[in-house]
Amino acid sequence: MVALLTFSIVGLAALHDSVGQWSGQIEGSLSIQVPPTELANRSPAEREAALQGTVDSIIEQVSTLPGIARIEELSPDTMAALLEPWLGPDEVISELPIPRIIEVTPETGFNFDALESRLGVIAPEAVLDDHRIWIERIADVAFSVELALALLIVVLFGATMLSVVFATRSGLSIHHRIIELLHLIGAQDGYIASQFGRHNRRLAFFGALIGLLIALPVSALIGWLGLRAGWPVPSLVLSPTFIGLIVAIPFIVALVAGITANRTVLRVLHRML
């Protein structure tokens, strides 16, 4: 239970942190595509000259708009490096009518409609990529997954506590006669409950510790595989607060298990005796 609980908490934290980073990166930039419309039949040199003129005009006029922190064209080398895995070497790319890309970094108070209107006047064929739609979709999917993980954490924690309740009730049934004997010699309900609570705290702590020792190496292995695949480790997972939370899981589970066992014993003893 604790191993699954740890996996869920790590997954929830990693997802939340990654979505926040993606949203910040996307939200902080726009892109303008300048396609070679009606230029495909020209020679590569003429096509590039016409495209460059349009790009220079867009950069010159859009940079005067309020709320523009930075506007810059992606260099041909950068475009070639981005397209090479799909289109082949630079010699092939140079012969194709590849659109030019202009990156725009907005500031607070940026007016998207004003940029769209200005762009329609300067170059009607240009396409302004608004990443807000993708941000909303990512946020919706991430919220659904985060909600599912949060519910899974609640279910796992509840199942762990129910297992403590049933184990405690079974222990009371097995030791029914011993408990009656303890009552006869003067033992109070609180003393008996405290003994059960201490026993369950010890079992829950060592069980949770084993689960944690299973979950951490597996989580580290998944993180290492993610690094090899090019996925960065979320900063939230490496924060001291999160590490402290993970380390505290066995203590939290043991404490709650002890309290649950104590209350269960008191309730059952009240009915039995």
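Residues numbered from 1 in each chain as written. Predicted model: local features only at pLDDT ≥ 70, side-chain atom pairs only at ≥ 80, totals over all residues. Heavy atoms only, no water.

Please explain the overall build of the protein chain as it appears in this structure.
Counting its regular elements, the protein chain contains 9 helices and 4 strands. Moving toward the C terminus, one meets the helices and strands of the protein chain in the order α-β-α-β-α-α-β-α-β-α-α-α-α. Across the 273 residues in the protein chain, those meeting the buried criterion constitute 34%. Nonlocal contacts in the protein chain, meaning residues at least 24 apart in sequence, comprise 83% of its contacts between residues at least 6 apart. Accessible surface, the protein chain as shown: approximately 16500 Å² in total, 65% of it carbon and sulfur. (Helix = DSSP H or I, 4+ residues; strand = E, 2+ residues; numbered from the N terminus. Buried < 20%, exposed > 50% of the residue type's maximum accessible area, 1.4 Å probe, protein only. Contact = heavy atoms within 4.5 Å. Areas by Shrake-Rupley, 256 points an atom, 1.4 Å probe, with all protein chains shown as cover.)

Before we go on, may I ask you to explain the sheet that holds strand β3 (residues 100-106) in this structure?
The strands that make up a sheet are held in pairs by hydrogen bonds between backbone atoms, and each pair lies either parallel or antiparallel. Within the open sheet, the 4 strands sit side by side as β2-β3-β1-β4. Their pairing is antiparallel. In this open sheet, the two strands that pair with only one neighbour each are β2 (68-73) and β4 (127-129). Taking the axes of each pair of neighbouring strands and ignoring which way they run, one obtains an average angle of 20° across the sheet. Two elements, strand β1 (residues 30-34) and β3, share 5 bridges in a ladder whose sense is antiparallel. Along β3, the bridge assignment pairs V34 with R100. Helix α5 (residues 112-122) rests against β1 and β4 of the sheet, and its axis sits at about 160° to β4. (Pairing = 2+ DSSP bridges. Axes fitted to C-alpha atoms, helices over the stretch in contact; angles between N-to-C directions.)

Got a minute to help me understand the confidence of the model for the protein chain in this structure?
It should be kept in mind that the predicted coordinates are not to be read in detail where pLDDT is low. When pLDDT is averaged across the protein chain, the result is 79; 85% of the residues are at 70 or more. Mean pLDDT in the protein chain bottoms out at helix α4 (residues 90-93), which sits at 58, and peaks at helix α8 (residues 189-228), which reaches 85. (pLDDT = per-residue confidence, 0-100.)

Can you help me understand the packing of aromatic side chains in this one?
In the structure shown here, the tally under the stated rule is 2 aromatic pairs. For the ring pair F205 and F206, a centre distance of 5.6 Å and an interplane angle of 75° mean the geometry is edge-to-face. Geometrically, the ring pair formed by F205 and F251 is tilted, given 5.1 Å between the ring centres and 55° between the ring planes. Of this pair, F205 sits in helix α8 while F251 sits in helix α9 (residues 240-272), placing them 46 residues apart in sequence. Within the aromatic cluster, the residues linked to one another by ring pairs are F205, F206 and F251. (Phe/Tyr/Trp six-rings, centres within 6.5 Å; stacked < 30°, edge-to-face > 60°.)

Can you help me understand the pairing of β1 in this one?
Along any regular strand the residues' side chains alternate between the sheet's two faces. In terms of burial, β1 is a largely internal element, 4 of the 5 residues being buried. Bridge analysis of β1 against β4 gives 3 bridges, and the strand direction is antiparallel. Counterpart to Q33 in the pairing with β4 is V127.

Help me understand the pattern of salt bridges in this model?
Where charged atoms from two side chains of opposite charge come close, those side chains can pair. Counted according to the given criterion, the structure contains 3 salt bridges. In this structure, E72 and R70 form a salt bridge, with 2.6 Å as the shortest nitrogen-oxygen distance. Note on E72: relative accessible area 43%, which makes it partly exposed. Taking the shortest distance from any N to any O, the salt bridge between E103 and R70 comes out at 3.6 Å. Remark: R70 occurs in strand β2 and E103 occurs in strand β3; sequence separation between them is 33 residues. What makes E103 partly exposed here is its relative accessible area of 30%. For R70, a relative accessible area of 34% puts it in the partly exposed group. Salt bridges sharing partners connect three or more residues here, namely R70, E72 and E103. (Salt bridge = Lys/Arg side-chain N within 4 Å of Asp/Glu carboxyl O.)

How do you make sense of the packing of helix α7 (residues 176-184) against α8 when you look at a structure like this?
Two quantities define a packed helix pair, namely the angle between the helix axes and the distance between the axes. At a closest axis distance of 10 Å, the pairing of α7 and α8 adopts a crossing angle of 140°. In this view, α7 runs oblique relative to α8, as classed from their interaxial angle. As for the relative orientation of α7 and α8, their crossing is right-handed in sense. Here I179, L182 and H183 of α7 lie close against α8, whose contacting residues are D189, I192 and F196. For the contact of α7 with α8, the residue count by class is 4 nonpolar, 1 polar and 1 charged. (Parallel < 35°, antiparallel > 145°, perpendicular 65-115°, else oblique. Left-handed = near helix turned anticlockwise from the far one by under 90°. Nonpolar A, V, L, I, M, F, W, Y, C, P; charged D, E, K, R; others polar.)

Looking at this model, I keep getting lost on a positive patch on the surface. Mind explaining?
On the surface, R169, R263, R267 and R271 cluster together to form a positively charged patch. Here the positive patch takes 3 residues from α9, the largest share from any one element. Tracing the backbone through its elements, the reader meets R271 in helix α9. (Patch = residues over 30% accessible without salt bridge, like charges linked within 9 Å, V, L, I, M, F, W, Y side chains within 5 Å. Lys, Arg positive; Asp, Glu negative; His and termini not counted. Charge placed at Lys NZ, Arg CZ, Asp CG, Glu CD.)

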